[in-house]
Number of protein chains: 2
Amino acid sequence: MSLLEDGLPMAVPAAGLPARVRIHEVGARDGLQNEKAVVPVEIKAEFIRRLAQAGLTTIEATSFVHPKWVPQLADAEQLVPLLDGVDAELPVLVPNERGLDRAIALGVRRIAVFGSATETFAQRNLNRTVEESLAMFQPVVARAREAGLHVRGYLSMCFGDPWEGPVPVSQVVSVAHRLMELGCDELSLGDTIGVATPGHVRQLLTRLGEAGVPTERLAVHFHDTYGQALANTLAALEHGVTCVDASAGGLGGCPYAKSATGNLATEDLVWMLHGLGIETGVDLGRLTATSVWMAAHLGRPSPSRTVRALSQKES
Amino acid sequence: MSLLEDGLPMAVPAAGLPARVRIHEVGARDGLQNEKAVVPVEIKAEFIRRLAQAGLTTIEATSFVHPKWVPQLADAEQLVPLLDGVDAELPVLVPNERGLDRAIALGVRRIAVFGSATETFAQRNLNRTVEESLAMFQPVVARAREAGLHVRGYLSMCFGDPWEGPVPVSQVVSVAHRLMELGCDELSLGDTIGVATPGHVRQLLTRLGEAGVPTERLAVHFHDTYGQALANTLAALEHGVTCVDASAGGLGGCPYAKSATGNLATEDLVWMLHGLGIETGVDLGRLTATSVWMAAHLGRPSPSRTVRALSQKES
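Residues numbered from 1 in each chain as written. Chains lettered and ligands numbered in written order. Predicted model: local features only at pLDDT ≥ 70, side-chain atom pairs only at ≥ 80, totals over all residues. Heavy atoms only, no water.

Chain A is annotated in an unreviewed UniProt entry as Hydroxymethylglutaryl-CoA lyase from Streptomyces palmae. Recorded under Sequence similarities (unreviewed entry), the UniProt text for chain A is reproduced unchanged: "Belongs to the HMG-CoA lyase family." (UniProt positions renumbered as here; feature names shortened; annotations may be inferred.)

Encoded structure:
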């Protein structure tokens, strides 16, 4: 029996929510970057192709950081040409001008830079102060926009930081505002360690609005470390956010071992959105089948509850 | 490092939510009843004692159904006397007058009856029509109230049913209303197969209010099969519900195998409530330690994301 065929999730719209949400799929990048296994480049390309066929329209493909830092994505140069003809936007991460040059040379149309709301994470992730990292992004964003590229800014540690604890909202608003001033087209607010709760989400979104950052240019990026990602997403939708980051199958978080820091699973998100009557364009059955297929390559079941529930029904 | 000691979750209240929520802990009953392993009665008593010490004030202890149906809880008669002196309300499930007699003989002060919103589940779970089951509960509730007992009504399959698919709201409201008319002090709305989404929750609560069922006598009972339980809980809190059912450590749902139909984990719930500045009286560290201890007895890790995240920090 497949519950999907029985008309579930049943669509019951709720007042005050958007009619349509764009999902920014990060499984191939944020997901695979945090998996132990290094996935062959052909499998990555096939994964992205299947995600597009499942109806995802924005699929972050890879990262042009130095291979030394992220060996899982060292094949970025090989991957991008394999994605010719995939019917989706395929943004890539670039940390600096050298990364931008490599992306532009490959014909990439969308890039993302990744900033930090906290000094400790800026030092650990970028080996720079927050100020120095913004200075590094400035020419990247400027040149990307000159070249007609769409630029996303990521802001990590918007709610809590493993070294600094709770992060003051004023500090997040300040860095967010700076990233938008650099010329980012959209800004993704990251709860990198998954500690946010819905009131905190509302507070940050309200304060960003007061500071002049338009809600329609914001995305939310929740990790499900404490099981809060979907409740936080609901709070963001209630505030008017219409772009949500998620990772197919919850890639990037292992359900068993030491790392439980996975992204919100796209399937769990789609179940909620479709249950709320919100359009996504995604075929949940095809998406789930893709995550089951990828889980087989990784040699372990998906941590997504929706994937587990639907795939056990199919078996 | 313990994030709990670092002031996380950070309390950021949100407008329109209750100041305090009572958690109805179901791990010892709904949880253990759905675990393969039969836990020794002394371990169950110690589990309940530790849950009370962690600050839980209502802990469903066991069920007086026939042992043939639920062998995991066949020791109800032995368990209740072991709980003397536990500082919490300790309701037990009773299906019929014989169960009520056994409970009263043991000095139990709170009972629960369990109805179904759908005919198929009433037949499978109670071997009766919905109407016949209400007729069976009538003398149970009446006699329990005469004896001064608090009576909870459970209503299963309020959102979807594995055989019937989506369940019409009018049907749920009708059975809910009948259970309240019988004299139940509170009514717990069960999403037994975890298919609800937040708009559906709001709709059912609104319709129950319109039908004259007071929100302050309602509890919500979500299963996390599709990862929706906490988002659904948020929707219920926004509607004014102040009693939430949850299972310590997410007991009752196996993270690996065929059954992924666990209850909302109490720890994930407490993380959200405390993050929202909502009082629960629960010590999250002690509760997590209790779930880790119980997981060791069951021989597998807890499916609660909060338990996994906090316990890996402590190790």
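Engineer: Any chance you could break down the overall build of chain A for me, citing the residues and the numbers?
Structural biologist: Of regular secondary structure, chain A possesses 12 helices and 11 strands. Taking 2.2 N^0.38 as the reference for a compact globule, 315 residues should give roughly 20 Å; the C-alpha atoms of chain A span a radius of gyration of 18 Å, in line with that estimate. Overall, chain A is about 55 × 45 × 40 Å in size when its C-alpha atoms are taken along their principal axes. Intrachain contacts of chain A at a sequence separation of at least 6 include 76% that bridge at least 24 residues. Roughly 11100 Å² of accessible area belongs to chain A as shown, and the carbon and sulfur atoms make up 50% of that amount. (Helix = DSSP H or I, 4+ residues; strand = E, 2+ residues; numbered from the N terminus. Rg over C-alpha atoms; globule rule 2.2 N^0.38 Å. Contact = heavy atoms within 4.5 Å. Areas by Shrake-Rupley, 256 points an atom, 1.4 Å probe, with all protein chains shown as cover.)

Engineer: How would you explain the packing of aromatic side chains if you had to name every residue and give the values?
Structural biologist: Tallied over the full model, the rule gives six aromatic pairs over all chains. Ring plane angle 20 degrees and centroid distance 6.5 Å describe the contact between Phe121 of chain A and Trp163 of chain A, whose orientation is recorded as stacked. Residue Phe121 of chain A is located in helix α5 (residues 119-126), and its partner Trp163 of chain A is located in the loop between β7 (160-161) and β8 (165-166); the two are separated by 42 residues in the primary sequence. Ring centres 3.9 Å apart and planes at 15 degrees place the aromatic pair Tyr226 of chain A and Trp271 of chain B in the stacked group. Taken together, the positions of Tyr226 of chain A in the loop between β10 (218-222) and α9 (229-239) and Trp271 of chain B in helix α10 (residues 266-275) put the pair across two chains. With a relative accessible area of 1%, Tyr226 of chain A lands in the buried category. (Phe/Tyr/Trp six-rings, centres within 6.5 Å; stacked < 30°, edge-to-face > 60°. Buried < 20%, exposed > 50% of the residue type's maximum accessible area, 1.4 Å probe, protein only.)

Engineer: So what about the nonpolar core? Which residues, and what values?
Structural biologist: Core analysis: the biggest nonpolar cluster contains 220 residues, and Ile111 of chain A together with Ile111 of chain B have the highest contact counts within it. Beyond its immediate chain neighbours, meaning those up to four positions away, Ile111 of chain A contacts Val92, Val94, Leu100, Ala103, Val140, Ala144, Leu149, His150, Val151 and Arg152 of chain A. (Core = buried A, V, L, I, M, F, W, Y, C linked by side-chain atoms within 4.5 Å.)

Engineer: So, the environment of Leu100 of chain B: which residues are in play, and what are the values?
Structural biologist: All names here are of chain B. Tracing the backbone shows Leu100 in helix α4 (residues 97-105). Spatially, the C-alpha atom of Leu100 lies 32 Å from that of Glu210, the residues being 110 residues apart in sequence. Residues contacting Leu100, with those up to four places away along its chain left out, are Val94, Ile111, Val140, Arg143, Ala144 and Leu149.

Engineer: Outline the pattern of salt bridges, listing residues and values.
Structural biologist: Side chains that differ in sign of charge can pair as their charged atoms come close. Residues and elements named next belong to chain A. Enumeration according to the criterion identifies 38 salt bridges over all chains in this entry. Between Asp185 and Arg145 there is a salt bridge whose closest N-O contact spans 3.0 Å. Within this pair, whereas Asp185 is found in the loop between α7 (169-182) and β9 (186-191), its partner Arg145 is found in helix α6 (residues 130-146), the two being separated by 40 residues in sequence. Look at Arg145 and you get partly exposed, because its relative accessible area is 42%. Taken together, the shared-partner salt bridges connect Arg22, Arg152, Glu186 and Asp245 into one network. (Salt bridge = Lys/Arg side-chain N within 4 Å of Asp/Glu carboxyl O.)

Engineer: Give a detailed account of helix α11 (residues 284-298) of chain B, specifying residues and quantitative values.
Structural biologist: Residues and elements named next belong to chain B. End to end, α11 covers 21 Å across 15 residues, agreeing with the expected 21 Å (1.5 Å per residue, within 8%). Every buried residue of α11 is listed here: Leu284, Leu287, Thr288, Thr290, Ser291, Trp293, Met294, Ala295 and Leu298. The positive-phi residue at the C-terminal boundary of α11 is Gly299, with phi of around 75 degrees. (Expected span 1.5 Å × (residues − 1).)

Engineer: Describe the packing of α5 of chain A against α6 of chain A, and please don't skip the residues or the numbers.
Structural biologist: Residues and elements named next belong to chain A. At a minimum axis separation of 8 Å, α5 and α6 run at an interaxial angle of 55 degrees. Classed by the angle they form, the pair α5 and α6 counts as oblique. Between α5, through Glu119, Ala122 and Leu126, and α6, the contact on the second element is made entirely by Val130, Ser133, Met136 and Phe137. (Axes fitted to C-alpha atoms, helices over the stretch in contact; angles between N-to-C directions. Parallel < 35°, antiparallel > 145°, perpendicular 65-115°, else oblique.)

Engineer: I'd like a description of unusual backbone geometry, backed by residues and values.
Structural biologist: Only a minority of non-glycine residues have a phi that is not negative, and only a minority of peptide bonds are not trans. Despite not being glycine, Asn127 of chain A shows a phi value in the positive range, around 60 degrees. The residue Asn127 of chain A is located in the loop between α5 and α6 in this model.

Engineer: An account of the sheet that holds strand β11 (residues 243-246) of chain A is requested, with residue identities and associated values reported.
Structural biologist: All names here are of chain A. Ordered by their spatial adjacency, nine strands build an open sheet running β2-β1-β11-β10-β9-β6-β5-β4-β3, and the pairing between neighbours is parallel. Each having just a single partner strand, β2 (58-59) and β3 (62-63) make up the two edges of the open sheet. Both strand β1 (residues 22-25) and β11 contribute to a ladder of four bridges, which runs parallel. The residue bridging His24 from the neighbouring strand is Asp245, located in β11. Helix-sheet contacts for α6 involve β5 (110-116) and β6 (150-156), and the interaxial angle to β5 is about 170 degrees. (Pairing = 2+ DSSP bridges.)

Engineer: Any chance you could break down α7 of chain A for me, citing the residues and the numbers?
Structural biologist: All names here are of chain A. In this model, α7 (14 residues) spans 20 Å end to end at C-alpha, consistent with the 20 Å of a helix rising 1.5 Å per residue. Looking only at α7, the buried set comprises Val169, Val172, Val173, Val175, Ala176, Leu179 and Met180. Buried residues belonging to α7 abut β5, α6, β6, β9 and α8 (198-210). Positive backbone phi, approximately 120 degrees, marks Gly183, located one or two places after α7.

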